[in-house]
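For reference, the chains in residue letters:
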Amino acid sequence: MQYDLLNKVAVITGGTSGIGFSTAKLFLANGAKVIIVGRDSAKGQAARHSLAAIADDVDYVPGDVSLPADCRNIIQQTTIRFGQLDILVNSAGSYQESIITDVSENDYNTIMDVNVKGTYFMCKSAMPELRKTGGGSIINLASDAGINGNLLCTAYCASKGAVIAFTKALALECAPYGIRANCVCPGDVATPLLDRQLDDPQNICTLADMAKLYPLGRIAQPAEVAHVISFLATAAASFVTGAVWTVDGGLTAC
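- Going by the annotation in an unreviewed UniProt entry, the name recorded for the protein is Dihydroanticapsin 7-dehydrogenase, with Sporomusa acidovorans given as the source organism.

Following this line, the structure appears as structure tokens:
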């Protein structure tokens, strides 16, 4: 499938693996210029090297989105490298499972700092540059957990519910500038994050167990989410803003 992203400049947080990495691959294959962001420099450079096999217009910027100064630097480095910003994809995320009585303040802060604060301040930092383009697209990654509560995920659910509400409010604020803001809510996706969840010694759920929960009988592949993100980034979605797109195999329809 082709997407009209020729010469569009995109920043993808969490772009060194999983959904973010798959989105970077699809963007590059369709003519975009891409900055991927992550905290691990070795992992980031390896991802950049792999993506460069698709197209040369890709670079890695190290950054921790929970730090507003890093958010500002990411946008600054993007404009230095490519001269503009058209698309922001907030894919960086943190996940944890625990009963609420076992959630420490540090656990709570980690979830909220990455998932909510990081998304918020990346959007804030990007806004001046997106306004310059006379239009742009923001795609925030939330989760089915932000729509329906999930067992043992109170902090995570709270964070992703916040991202959904924030995205709707942001869409209203951005509309006069021609900037669109939408939210994508995947269910379980075959990513390294899921691998870590399944490998947790306290986890008793298998991949097969997860698959049975979905009406389509399986979990998603990262590319399936990346295709939805790519559509929302293009002019084909020019009248779509403030929307919550579920990519969950029918899970939240149950």
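Now, onward.
**Points about the pattern of salt bridges**
- Under the criterion given, the structure shown has 3 salt bridges.
- Two residues, Glu 224 and Arg 218, come together in a salt bridge whose shortest N-O distance is 2.7 Å.
- Assessed through its relative accessible area of 32%, Glu 224 is described here as partly exposed.

**Considering helix H2 (residues 41-51)**
- Along H2, the residues classified as buried are Gly 44, Ala 47 and Leu 51. Looking straight down H2, one finds that the buried residues subtend no more than 65° of arc, so they occupy a single side. Along H2, the residues that are exposed and aim more than 90 degrees away from the buried face are Ala 42 and His 49.
- Looking at the buried residues of H2, the elements they touch are helix H1 (18-29), strand E2 (33-38) and strand E3 (58-62).

**Regarding the sheet that holds strand E4 (residues 87-90)**
- Spatial ordering of the open sheet is given by E3-E2-E1-E4-E5-E6-E7, a layout of 7 strands whose pairing is parallel. The outermost strands of the open sheet, each flanked by one partner alone, are E3 and strand E7 (244-247). Taking the axes of each pair of neighbouring strands and ignoring which way they run, one obtains an average angle of 20° across the sheet.
- Sheet topology places E2 next to E3; 5 bridges connect them, and they run parallel. When the sheet's bridge partners are listed, Val 34 is paired in E3 with Val 58.

Rules used in this analysis
Residues numbered from 1 in each chain as written. Predicted model: local features only at pLDDT ≥ 70, side-chain atom pairs only at ≥ 80, totals over all residues. Heavy atoms only, no water. Salt bridge = Lys/Arg side-chain N within 4 Å of Asp/Glu carboxyl O. Buried < 20%, exposed > 50% of the residue type's maximum accessible area, 1.4 Å probe, protein only. Helix = DSSP H or I, 4+ residues; strand = E, 2+ residues; numbered from the N terminus. Arc of directions from axis to C-beta. Contact = heavy atoms within 4.5 Å. Pairing = 2+ DSSP bridges. Axes fitted to C-alpha atoms, helices over the stretch in contact; angles between N-to-C directions.

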